[in-house]
Structures are given as C-alpha cells and as structure tokens.
Amino acid sequence: MKIKLKFLLIFAIFSLLPLSFSQAQTVYLQITPHSINFTDADPDLQPLIQASEPVILELEINNTPSDWTLTILAHGDLQSETDIIPVENISWSVSPSPPFFNGKLNKIQPQILGKGKGPVKISAQIDFYLENKWDYSPGSYSQLILFTLTVL
Amino acid sequence: MMKKLLLLLITFSLVIHPCLGQKETSRLRISASVLPRTALEIDSGTLSFISTGDVINSMIPAAENEIEITVKLRLKNPDKVSLTVSIPDDLVDPGTGNRIPAENVHWRISGQNEHSGKLAKGIPQIVAQWNKSGLWRCRISFFLEKSEDYIAGNYGQKIIFSLMSF
C-alpha cells in the first residue's frame, strides 16, 4: 500500500512540475517600440496619418497544441487636458495575414489582432493610422493600448 | 485520504492544469499632436452684377448667388474665429475712372444665422463666427443697390474674405 502511495506521489510530482515549468516558458510576447506618435498634418492633404514608426511584434508559443488568440484593447479614447479623439479613429494594418488581421481600435471590446493553433514563432509588423479630421481640437493626446496573448 | 488527495493532484496535473489559459500582455503608448489650423474655401472667384433695366427691384443680385463658403477650423478652446469680408476701395471703371460707392454693395448670409450688411471701404465686416473645431459651411449672397446716378461702364473691385482669430 505504501509503495503504491509513493508511486502515486512521485507520479504526481513528475507529472505536474514539468508541465508547470514548461508552460511558464511557452508564451512570449514582445512589442517594440513601446510608444508611437502621430504628428500633426493638414487633414485635406493627409486624411490618414501613419504613425511615426511601425510596431514590431514578436510572438512565440511552444509545447502546446492549443488555440491562441492575440487581442488589442485601448484603455480609452486619446485624451488631452481638455478634449478627446475617439480611439475608434485609429486603425491598423498588419502583416503577415493570416494569422494576423487588420482592424480598428476599440475601448470596450478587445479586437482580434491574430489567432492560430499550436506552436508558433512569428514576427509581425503593425502600422497604425489615425483618421485626420478637422474637428479635432489642438492639443497633445495620449492613451495606452493593451496587447493580450491568450493560449487556451 | 492521502490516496484521494494524490489522485486529485494527478487529475489536476494531467487534465485541468494544461487546460488553464495562459496570458501574456504588453502595452503600447499612442500619442498624437494636433496643432491649430484654418482653411477657407470659396466656390466662386468672381461676382457679376448685370443691370437689366428692371425697375421693380431696388437691388441687382449677383449672377453667382448664392456663394458657398467652407471654413475649416482647428480651434483651441476658448478661441474664436470670425469670417470677415472687406473691400479696399469703391467699384471703379478702369477706362473712365468713374466709381460706384462700395457701400452700395450689400451681402446676406442665409441659413441658421441669417443676417445681412453692407460692404464698407477698408473696414472688414464680420459675416460669421465660430468657436469650435470642425468643418463649417455658409452661403452668402451679394446685391448691388440700383441707382440713377451710376454712369454706364464696366466697374470692378476685389472683395477679400478673411479668417481672423481672437
């Protein structure tokens, strides 16, 4: 009986720890740079402003056959001291597609930036664009965007 | 008891634990700078008053009426912008030097803020005002007072539209 218990204990430890250990290393998400900027432009000449530089995304998932999803969510609208620019006025284009998809930012519903299944190691380039409208009030606006990689 | 606990541990490690989702997050700061800016567009480059000899109306409407004016503004609160119209001199016939007083030209803004006025030589007249960023449109019509005093001829002058912030 004791031998059986010992066997079960050893089996439990060996079956649990490696999984925990390996899964802790399986999900990797890196974004560079950590900030981008849209410079002022004439809305008539440049109705869509491209961000100062592209965002490079590196994603790696190992040791899992599971589905993965990468979402993007804005914490809110772009905010200055007194005014806002709706965050829905920012869109992105990404390559390669698939597994990544173009879209528009949203502050309520996370938007799917990419999805797939199983192990993956991939880099993506994301270009962000701001609709340049006359009704924006002058100011310096800012907001945080959250990328979330979920492995099911 | 111990056995049950171990079985539970094994079940967790083999079945439940691998199914728990793993998450990795990263943040990006997005910033945008918006500078004050204005633009003014007028859909006609000329105004023509053609005398028809009509004795019923006291005003000759410009052939181009109504003229659409588009004002594009990026205004910092609480700035205001005025659209003004001015005329530097009387209407002059370059062949003879004869004049029609600038004050004989009337204007009328139509739409929600309908109002009217007269041109005044060298004095800008405010025809519309805005205090918000955006793209705004208004329509303006011009009329020349009829007068027996005018001497036949071809008269001309420049009218200047300006956006002035204050």
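Please read all numbers here as calculations on a predicted model, not as lab measurements.

Enquirer: Even after reading the chapter, I still don't get the nonpolar core, so can you show me in this structure?
Expert: Soluble globular proteins: nonpolar side chains tend toward being buried together. Membership of the largest hydrophobic core comes to 41 residues, with the highest contact counts inside it found for Leu57, Phe128 and Phe147 of chain A. Of all the secondary-structure elements, those providing two or more residues to this core are β1 (27-32), β2 (35-38), β4 (55-61), β5 (67-74), β8 (90-95), β11 (120-131) and β12 (139-151) of chain A together with β1 (22-34) of chain B. Val127, Cys138, Ile140 and Phe142 of chain B belong to the second-largest nonpolar core, a separate cluster that totals 26 residues.

Enquirer: Can you walk me through the sheet that holds strand β12 (residues 160-165) of chain B in this structure?
Expert: Picture the strands of a sheet paired through backbone hydrogen bonds; they go either parallel or antiparallel. Residue and element names in this part refer to chain B. Spatially, β10-β5-β12 is the arrangement adopted by the 3 strands of the open sheet, whose pairing is antiparallel. Of all the strands in the sheet, the pair left with one neighbour each is β10 (125-130) and β12. Taking each pair of neighbouring strands and ignoring which way they run, the sheet shows an average axis angle of 25°. Taken together, the 6 bridges between strand β5 (residues 81-86) and β12 define a ladder with antiparallel strand orientation. Within β12, the residue paired with Val81 across the bridge is Ser165.

Enquirer: Mind showing me how you'd approach the packing of aromatic side chains here?
Expert: The description of two aromatic rings rests on the distance between their centres and on the angle between their planes. Residues and elements named next belong to chain A. Applying the stated rule across the entire model yields 2 aromatic pairs over all chains. Ring geometry for Trp68 and Phe100: centres 6.3 Å apart, planes at 55°, overall tilted. Here Trp68 is found in strand β5, whereas its partner Phe100 is found in the loop between β8 and β9 (103-104), with 32 residues between them in sequence. In this structure, Trp68 and Phe100 share a single accessibility class: buried.

Enquirer: Which parts of the structure should I look at to understand the environment of Gln112 of chain B?
Expert: Following the sequence through the fold, Gln112 of chain B ends up in the loop between β8 (105-110) and β9 (115-118). Owing to a relative accessible area of 83%, Gln112 of chain B belongs among the exposed residues under this scheme.

Enquirer: Where do I start with the pairing of β11 of chain A in this structure?
Expert: Moving residue by residue along a regular strand, the side chains alternate between the two faces of the sheet. Residue and element names in this part refer to chain A. With 3 bridges connecting them, strand β3 (residues 48-50) and β11 associate as antiparallel partners. Residue pairing for β11: Leu48 is matched across the bridge by Glu131. Pairing of β4 with β11, which is carried by 7 bridges, proceeds in the antiparallel orientation. Each residue of the ladder has a partner; that of Leu57, found in β11, is Ala124. As paired strands, β8 and β11 are joined by 6 bridges and run antiparallel to one another. Bridge pairing links Ser91 to Tyr129 in β11.

Enquirer: What's the story with the environment of Ser66 of chain A in this structure? I'm lost.
Expert: Residues and elements named next belong to chain A. Residue placement: Ser66 occurs in the loop between β4 and β5. Its relative accessible area of 18% is what places Ser66 among the buried residues. Taking the C-alpha atoms as reference points, Ser66 and Val151, separated by 85 residues in sequence, lie 6.5 Å from one another. Beyond its immediate sequence surroundings of up to four residues, Ser66 is in contact with Gly116, Lys117, Gly118, Val151 and Leu152. For Ser66, the side chain forms a polar contact with the side chain of Thr64, separated by 2.9 Å.

Enquirer: Is there a simple way to think about the confidence of the model for chain B in this case?
Expert: It should be kept in mind that the predicted coordinates are not to be read in detail where pLDDT is low. Residue and element names in this part refer to chain B. Per-residue pLDDT for chain B has a mean of 86; in total, 84% of the residues score no lower than 70. The weakest mean pLDDT in chain B belongs to helix α1 (residues 2-19) at 53; the strongest belongs to strand β6 (residues 91-92) at 96. Prediction confidence for the complex, expressed as pTM and ipTM, is 0.77 and 0.82 respectively.

Procedures and definitions
Residues numbered from 1 in each chain as written. Chains lettered and ligands numbered in written order. Predicted model: local features only at pLDDT ≥ 70, side-chain atom pairs only at ≥ 80, totals over all residues. Heavy atoms only, no water. Core = buried A, V, L, I, M, F, W, Y, C linked by side-chain atoms within 4.5 Å. Buried < 20%, exposed > 50% of the residue type's maximum accessible area, 1.4 Å probe, protein only. Helix = DSSP H or I, 4+ residues; strand = E, 2+ residues; numbered from the N terminus. Pairing = 2+ DSSP bridges. Axes fitted to C-alpha atoms, helices over the stretch in contact; angles between N-to-C directions. Phe/Tyr/Trp six-rings, centres within 6.5 Å; stacked < 30°, edge-to-face > 60°. Contact = heavy atoms within 4.5 Å. Polar contact = N/O pair within 3.5 Å; in protein donor to acceptor, adjacent residues only side chain to side chain. pLDDT = per-residue confidence, 0-100.

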